[in-house]
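Observations on the model geometry
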Amino acid sequence: IHSTSAAGKSTLLDATLALMPPESVVRYSALTSQALYYLDGTDLRHKILAVAEDAGLGDSAYALKLLQSDGRLELAAAAPAAGSGRPRTACRQVEGPVALFLTSTADQPDPELANRCLVVPVSASHQQTAAVQAAQRAACTLEGIAARRQQAAVVQLHQDAQGLLE
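A brief look at the structure comes next. (Residues numbered from 1 in each chain as written. Predicted model: local features only at pLDDT ≥ 70, side-chain atom pairs only at ≥ 80, totals over all residues. Heavy atoms only, no water.)

1. Brief notes about the nonpolar core
Note the threshold: Definition of nonpolar core: a set of buried residues of the types Ala, Val, Leu, Ile, Met, Phe, Trp, Tyr and Cys, connected through side-chain atoms within 4.5 Å. Burial status follows relative accessibility: with a 1.4 Å probe on protein chains alone, a residue under 20% of its type maximum counts as buried, one over 50% as exposed, and anything between as partly exposed. Secondary structure follows DSSP: runs of H or I at least 4 residues long count as helices, runs of E at least 2 residues long count as strands, and numbering of each begins at the N terminus. Residues count as neighbours in contact if any of their non-hydrogen atoms are within 4.5 Å of one another.
Leu36, Leu44, Leu49 and Leu64 are the most contacted members of the largest nonpolar core, which has 19 residues in total. At the level of elements, β2 (47-51), α2 (61-70), β3 (72-80) and β5 (98-102) are the ones that each hand at least two residues to this core. Discounting residues that sit within four places of it in the chain, Leu49 has contacts with Val26, Tyr28, Leu36, Leu44, Leu64, Val98, Ala99, Leu100 and Phe101. Judged by nonpolar contacts, the second largest core, of 9 residues, contains Val25, Ile48, Ala50 and Val122.

2. Observations regarding helix α1 (residues 9-18)
Rules: Our arc is simply the arc of the directions from the helix axis toward the C-beta atoms.
Taken as a whole, α1 has its buried residues at Lys9, Leu13 and Leu17. Buried residues of α1, viewed axially, fall in a sector of 60°; they line one side. Each element contacted by the buried residues of α1 is listed here: β1 (25-28), β2 and β5.

3. Looking at the environment of Ser104
Put simply, the rule is: Within 3.5 Å is the distance limit for a polar contact, defined as a pair of N or O atoms, with the added protein rule that one can donate a hydrogen and the other accept it, and that residues adjacent in sequence qualify only through two side-chain atoms.
By the element assignment, Ser104 lies in the loop between β5 and α3 (111-114). When the C-alpha atoms of Ser104 and Asp14 are compared, they prove to be 14 Å apart, with 90 residues separating the residues in sequence. At 2.7 Å, the side chain of Ser104 forms a polar contact with the side chain of Asp54.

4. Topic: the sheet that holds β2
Here is the rule we go by: Whether two strands pair comes down to DSSP finding at least two bridges between them. Axis definition: a line fit to C-alpha positions, over the contact stretch in the case of helices; interaxial angles, taken between N-to-C directions, run 0 to 180 degrees.
Sheet architecture is open: 3 strands sit in the order β1-β2-β5, paired in parallel fashion. Each edge of the open sheet is held by one strand with a lone partner, namely β1 and β5. Averaged over all adjacent pairs, the angle separating strand axes in this sheet is 20°, with direction ignored. Direction of pairing for β2 relative to β5: parallel, over a ladder of 5 bridges. Opposite Lys47, over in β5, you have Val98 as the bridge partner. Along the sheet, α1 contacts β1, β2 and β5; its crossing angle with β1, the most-contacted strand, is approximately 155°.

As structure tokens, then:
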């Protein structure tokens, strides 16, 4: 989700993720370069990986590209062997596939990552801001409160439908 600061990217991300079963969403504020490689093998399999801002990706963008393109991550790293303590090569694999959701204010998001994603622009126009503020005011009325109760049933229906998919 791409736009300028304070355009509603996080709100759109949260609203979209609310339609998914909570157990299918993995959320992080930031990732280190090796973090994804050390997850348990199936922690991301058929999950939605949501990262608050692309600025929080750091050096993990390469791992995300591989996870999206190859559907898995594979890492070989030196680790001490049990008993002897001598180094040996330990292999780790993290399975996908994974859907990646993230927000960005960057003028040019990472092109290697962006070409693996559907980039959704968010308008920051005065008209859009006015429409959002009007909707926020309306949500605080009695009618808005009643509508939220109905929306909760729709959200549950979406979560249930997503949960049936394999």
